[in-house]
Amino acid sequence: MQVRGLLLLLALILLAATTEAGKNKKEKAKKDGSECEDWRWGPCVPNSKDCGLGYREGTCKDESKKLKCKIPCNWKKKFGADCKYKFESWGGCSAQTGVKTRSGILKKALYNAQCEEIVYVTKPCSSKIKSKSKAKKGKGKD
């Protein structure tokens, strides 16, 4: 019986400690955070070259902030790293232009980025004809 009471007391102490820790985190977020809710964020600016780690500046009324951000090194510069698109499959090769085309529909605009609703991309047609892979040795032989 005493063991049950001791476990109950221990559980109550643990619950009180975790509740207090949660309050401290919320208070810290309010101290570091801002009352302003209408933040305007600029594009992610890489620290060096045109991709990798960088920062994004934001303003709201008289306040300004900098957030860390990352630009993937394989991003499409034409669209910007903050515009996410859902692309269709590549179309057929045009004999006149020698390029394939596909379109993308805007899926998500991060940080209030100004993005086009539909974008079109092209790439050169492959001059190589892909051959089917050869059968593995030892398979299919009797």
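Structural notes, computed from the coordinates. (Residues numbered from 1 in each chain as written. Predicted model: local features only at pLDDT ≥ 70, side-chain atom pairs only at ≥ 80, totals over all residues. Heavy atoms only, no water.)

## A short note on the overall build of the protein chain
Secondary structure assignment for the protein chain yields one helix and seven strands. In the protein chain, the succession of α and β elements from N to C terminus is α-β-β-β-β-β-β-β. Taken across its 142 residues, the protein chain has 16% of its residues classed as buried. Carbon and sulfur atoms make up 55% of the accessible area of the protein chain, which amounts to about 12,800 Å² in all. (Helix = DSSP H or I, 4+ residues; strand = E, 2+ residues; numbered from the N terminus. Buried < 20%, exposed > 50% of the residue type's maximum accessible area, 1.4 Å probe, protein only. Areas by Shrake-Rupley, 256 points an atom, 1.4 Å probe, with all protein chains shown as cover.)

## Considering the pattern of salt bridges
The full count for this structure, using the stated rule, is two salt bridges. Between aspartate 82 and arginine 56 there is a salt bridge, with the nearest N and O atoms lying 2.8 Å from each other. With a gap of 26 residues between them, aspartate 82 in the loop between strand S4 (63–71) and strand S5 (83–87) and arginine 56 in strand S3 (residues 52–60) connect regions that are remote in the sequence. Taking the relative accessible area as the measure of exposure, arginine 56 reaches 4% and is therefore buried. (Salt bridge = Lys/Arg side-chain N within 4 Å of Asp/Glu carboxyl O.)

## Quick word on the environment of aspartate 62
Within the fold, aspartate 62 resides in the loop between S3 and S4. Aspartate 62 sits in the exposed class, given a relative accessible area of 81%. In this structure, the C-alpha to C-alpha distance between aspartate 62 and cysteine 36, residues 26 residues apart in sequence, is 9.6 Å.

## Examining a nonpolar patch on the surface
A surface patch of nonpolar side chains, about 320 Å² in accessible area, is lined by Ile105, Ile118 and Tyr120. For tyrosine 120, the location among the structural elements is in strand S7 (residues 118–124). Given a relative accessible area of 51%, tyrosine 120 falls into the exposed group. (Patch = residues over 30% accessible without salt bridge, like charges linked within 9 Å, V, L, I, M, F, W, Y side chains within 5 Å.)

## With respect to the pairing of S4
Where S3 meets S4, nine bridges bridge the pair, whose relative direction is antiparallel. Residue pairing in the sheet places glycine 58 in a bridge with lysine 65 of S4. (Pairing = 2+ DSSP bridges.)

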